[in-house]
Every structure is written in structure tokens, then in C-alpha cells.
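Each chain is listed here by its residues.
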Amino acid sequence: NYLGVYFIPLHILGFFLVFRALRPASLKWARVFLALGLYLTPVGVGLHGTLAFVGDIIQSQDTTLIDRIRDYWQPWAYSVAIGYAIVSALILMLILTGRSLYPRWAALVSPLVIAALTAALIAVLPASAASVKAFFALTGLNLPLMVFFPITTWVLVRHRELSMSI
């Protein structure tokens, strides 16, 4: 949890690189992607920073406190998850146009697909794999980006487009 608060801001750099790779497909939609990604990053950092405290509250089994935190925390968590789904859908949509710098196979490792595969894995793993399930649940929205950002870097290097210029 602690490392996540410091590493999630690196999503800003990653989102900018994804923007550069998506831009040839549609400048308008690539800008929408970038704006949403840049907006969601600090909101996600704030949410991530509460995870340890929310976990402590849940472990306390104080139902009054759990109900209070749920009313506050769940809308925040859902809004981040919905925003992330929109950002991920934009990535997938622009890759599938065939006009971005990404090869079409990159759709298979896009954040939306990786998140769906992770969710499916959590659902099918047996209860005896609780620690593995917890790992995938806790890395939730970050794991797909950790997979996708290096691919994005490779794509930009391949196309000689790795630059921080707008």
C-alpha cells in the first residue's frame, strides 16, 4: 500500500506515453483519454492511500464503523473503477481502429483485457489460494497498467516516437 502511493503518480508518465501511441488513431479521443487518465491519477492515489485504514476498520469488525466507512469509501472506489474502465475502453477502442501505433495484438494485453482476465482468475481460484487471490485483488487496476506501459514504451521506441514533446 505504501509503495503504491509513491508509484501511482508514475501513471501520469505512462498515460502520456499511451497518449502518444494512440494519437495517430484519433487526436480527439486520445486527448479525452489523456484528460481522464490525468484526472483519475490523483483521485486514485487518494483512494489507494486509504486502503490500509479501510482494511484496519474492516478487521476491527465494528459494524457501525464499517457502515460509515462503506458509505464514504464505496462511491469513491466505484467512481475510480468506472473511470478506469472508460479509460481502458478508450485504449482498446483506439487500438482496434488499426490506426494507432500499437499493433492490433496489443488489444490482447490492453488494460481492460488484463483486468478482465485478472477478475476471472480471482473468481476461479480455489479458497486455498487466498493469498494469490488477495494479491490480484489488491493490485487490481495497477497490474494491467504495469503490463501495458512497458509494451507502450516498446511500441514508441519501435516507431521512433519515444519523446516527451506534446
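The text that follows walks through the structure, step by step, so that each part is easy to find. All figures in this text were calculated on a predicted structure; none of them were measured in a lab.

Before going further, it helps to examine the overall build of the chain. The number of helices and strands found in the chain is seven helices and zero strands. Reading the chain from its N terminus to its C terminus gives the helix and strand order α-α-α-α-α-α-α. Taken along its principal axes, the extent of the C-alpha atoms in the chain is 55 × 30 × 25 Å. Relative to all contacts within the chain whose residues are 6 or more apart in sequence, the contacts with residues 24 or more apart total 70%. Surface accessibility of the chain: about 9600 Å² in total, with carbon and sulfur atoms responsible for 71%.

Turning our attention to the side chain of Ser-26. Secondary-structure assignment places Ser-26 in the loop between α2 (11–22) and α3 (27–60). Engagement of the side chain of Ser-26 in a polar contact is seen with the backbone nitrogen of Trp-29, the distance being 3.2 Å.

Attention now goes to the packing of α2 against helix α7 (residues 142–158). For the pair α2 and α7, the least separation of the axes is 9 Å and the interaxial angle reads 50°. For the element pair α2 / α7, the angle class is oblique. Helix-helix and strand crossings are classified by hand; for α2 and α7 the assignment is left-handed. For the pair α2 and α7, contact is made by His-11, Gly-14, Phe-15, Leu-17, Val-18, Arg-20 and Ala-21 and by Asn-142, Leu-145, Phe-148, Phe-149, Thr-152, Thr-153 and Leu-156, respectively. A breakdown of the residues in the contact of α2 with α7 according to their chemical character gives eight nonpolar, five polar and one charged.

Below, the discussion takes up unusual backbone geometry. One non-glycine residue, Gln-61, lies in positive phi territory at about 60°. Examined against the element boundaries, Gln-61 turns out to sit in the loop between α3 and α4 (63–96). Here Arg-160, not a glycine, exhibits a phi torsion of approximately 55°, which is positive. Along the chain, the position of Arg-160 falls in the segment after α7. For Arg-160, a relative accessible area of 78% puts it in the exposed group.

Time to look at the nonpolar core. With 30 residues, the main nonpolar core has Phe-15, Val-18, Leu-22, Phe-33, Ile-91, Ile-95 and Tyr-102 as its most contacted residues. Contributing elements (two or more residues each) for this core: α2, α3, α4 and α7. With residues up to four places along the chain from it excluded, the contact list for Phe-15 reads Phe-33, Leu-34, Gly-37, Leu-38, Thr-41, Val-87, Leu-145 and Phe-149. Within the second largest apolar cluster, eight residues are counted, among which are Val-54, Ile-57, Ala-77 and Val-80.

The topology assignment puts Tyr-72 in helix α4. The sequence separation of Tyr-72 and Val-87 amounts to 15 residues, and the corresponding C-alpha distance is 24 Å.

Reading the values: the criteria
- Residues numbered from 1 in each chain as written.
- Predicted model: local features only at pLDDT ≥ 70, side-chain atom pairs only at ≥ 80, totals over all residues.
- Heavy atoms only, no water.
- Helix = DSSP H or I, 4+ residues; strand = E, 2+ residues; numbered from the N terminus.
- Contact = heavy atoms within 4.5 Å.
- Areas by Shrake-Rupley, 256 points an atom, 1.4 Å probe, with all protein chains shown as cover.
- Polar contact = N/O pair within 3.5 Å; in protein donor to acceptor, adjacent residues only side chain to side chain.
- Axes fitted to C-alpha atoms, helices over the stretch in contact; angles between N-to-C directions.
- Parallel < 35°, antiparallel > 145°, perpendicular 65-115°, else oblique.
- Left-handed = near helix turned anticlockwise from the far one by under 90°.
- Nonpolar A, V, L, I, M, F, W, Y, C, P; charged D, E, K, R; others polar.
- Buried < 20%, exposed > 50% of the residue type's maximum accessible area, 1.4 Å probe, protein only.
- Core = buried A, V, L, I, M, F, W, Y, C linked by side-chain atoms within 4.5 Å.

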